[in-house]
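Structure assessment
Read off the chains here:
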Amino acid sequence: MPGFADNHRNGNPSDAGEPPIVQVRKVTKAFGSLVAVSETTFDIRRGRIIGLVGSDGAGKTTLLRMIATMTAPTAGNVLVGGFDAVRQKDAVKKLIGYMPQRFGLYPDLTVAENLDFFMDIFGISGRERARRRERYLGFSNLLPFLDRKADDLSGGMKQKLGLACVLVHEPRILILDEPTNGVDPVSRQEFWEILTAMRRQEMTILVATAYLDEGEKCDGLVLMHASRVLAEATPAELKSGYADLEEAMIQRILQVDAALREDDFGI
Ligand SMILES: Nc1ncnc2c1ncn2[C@@H]1O[C@H](COP(=O)(O)OP(=O)(O)OP(=O)(O)O)[C@@H](O)[C@H]1O
Ligand SMILES: [Mg+2]
């Protein structure tokens, strides 16, 4: 598979010759008889923003959790920065920042205390704490709200604080599961400005999203449906021949559903 090697928008990929930073190899995850992710293979090269899009229940969260070392594949393997996500979990954890679909901030702690909590987990101490607090809360425009309880933040501010918390150990790869779900358009735009700024600093970002305007901002898209990857392409490639990205996705999903029904009924 091409792995988006030639699709970098900056036009100057500095990773030529490097192996992909994320390699998903024939990965399957089953929960009993339910197959959530089926024989999935794709690569992500460094410094790209890759959007994971698809239907509800497609397997996006399960796939992200396997890359983030939160659950092990039933078959196949995931390599992150060359490390195996099961056998070398600790090495992988150092490389990634993972923001789950329901990211848990501590509602009764302030903005500063939430960030401090994550810095404690990662053993960040001394002058480095102040530097990182300035940097990551500054990035997310939260410095004026240091003493506000997380529970009293708006939805968009909560998500930006969540992002600051997963950035604070300075990972090389961000794995974000629908980070802007339910957030207003202006806040979503601000959130994406942070992501594109991170990409300029060579961060690799894999982000599940239900918003196709966000999909348009990605260097590459992975389209999932019914536990499988249907397409791995740039936004322009994916929508080519269709009115827009939404139409392209709907039509591809309907085609797969029709094929699955034919299988079921043996037509
Ligand atoms: N721990 C689990 N035990 C049993 N089934 C699970 C588990 N986690 C996920 N599933 C099932 O696996 C399938 C894929 O779920 P997953 O959460 O990965 O989908 P998704 O694409 O993230 O969906 P959404 O867009 O709604 O977030 C679903 O049928 C779900 O019910
Ligand atoms: Mg999900």
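Before reading on, note that the structure itself is shown above.
Now for a description of the structure that goes with this document. (Residues numbered from 1 in each chain as written. Chains lettered and ligands numbered in written order. Predicted model: local features only at pLDDT ≥ 70, side-chain atom pairs only at ≥ 80, totals over all residues.)

Further remarks concern the overall build of the protein. Check the secondary structure of the protein and you find 9 helices and 10 strands. For the protein, the C-alpha radius of gyration of 19 Å lies close to 18 Å, the compact-globule estimate for 267 residues. Overall, the C-alpha framework of the protein stretches about 65 × 40 × 40 Å when taken along its three principal axes. Within the protein, the proportion of its 267 residues that are buried is 42%. In the protein, of all internal contacts separated by at least 6 residues, the share reaching a separation of at least 24 is 69%. (Helix = DSSP H or I, 4+ residues; strand = E, 2+ residues; numbered from the N terminus. Rg over C-alpha atoms; globule rule 2.2 N^0.38 Å. Buried ≥ 20, exposed ≤ 12 C-beta atoms within 10 Å, placed from the backbone. Contact = placed C-beta atoms within 7 Å.)

Membership of the largest hydrophobic core comes to 66 residues, with the highest contact counts inside it found for Ile67, Leu161, Ala164, Ile175, Leu206 and Leu223. It is helix H5 (residues 155-167) that contributes the most residues to this core, 7 residues altogether. Ignoring any residue separated from it by four or fewer positions in sequence, one finds Ile175 in contact with Leu64, Ile67, Ala68, Ile96, Tyr98 and Leu206. (Core = buried A, V, L, I, M, F, W, Y, C linked by C-beta atoms within 7 Å.)

All right, on to unusual backbone geometry then. Generally, phi is negative for residues other than glycine and the peptide bonds are trans, each holding for most cases. Its identity as a non-glycine residue notwithstanding, Glu39 has a phi of 40 degrees, on the positive side. The topology assignment puts Glu39 in strand S2 (residues 34-44). Classification of Glu39 as partly exposed rests on a count of 14 C-beta atoms within 10 Å. Even without being a glycine, Thr69 presents a positive backbone phi close to 70 degrees.

Moving on to the sheet that holds strand S6 (residues 96-99). Spatially, the 6 strands line up as an open sheet ordered S6-S7-S8-S3-S9-S10, and their pairing is mixed. Each of the sheet's edge strands pairs with one partner strand only, and the pair in question is S6 and strand S10 (228-233). Sheet twist, expressed as the average angle between the axes of neighbouring strands with direction ignored, equals 15 degrees. Contacts from H5 reach S6 and strand S7 (173-177) within the one sheet, and its direction differs from that of S6 by about 155 degrees. (Pairing = 2+ DSSP bridges. Axes fitted to C-alpha atoms, helices over the stretch in contact; angles between N-to-C directions.)

Taken together, Phe31, Leu34, Ala36, Asp56, Gly57, Ala58, Gly59, Lys60, Thr61, Thr62 and Gln101 make up the full set of residues near ligand 1. Counting only elements with at least two residues in the shell around ligand 1, the list comes to S2 and helix H1 (60-67). At 3 residues, the largest contribution of residues to the shell around ligand 1 is made by H1. Of the residues contributing to the shell around ligand 1, the split by class is 4 nonpolar, 5 polar and 2 charged. (Near = placed C-beta within 6 Å. Nonpolar A, V, L, I, M, F, W, Y, C, P; charged D, E, K, R; others polar.)

The subject of this paragraph is the pairing of strand S3 (residues 49-54). In regular strands, side chains alternate between the two faces of the sheet. Burial within S3 is extensive, with 6 of its 6 residues counted as buried. Of the two faces of S3, the one lined by Ile49, Gly51 and Val53 and the one lined by Ile50, Leu52 and Gly54 are each fully buried. Looking at chain direction, S3 and strand S8 (residues 204-208) are connected through 4 bridges and run parallel. From the neighbouring strand, Gly51 faces S8, where its bridge partner is Val207.

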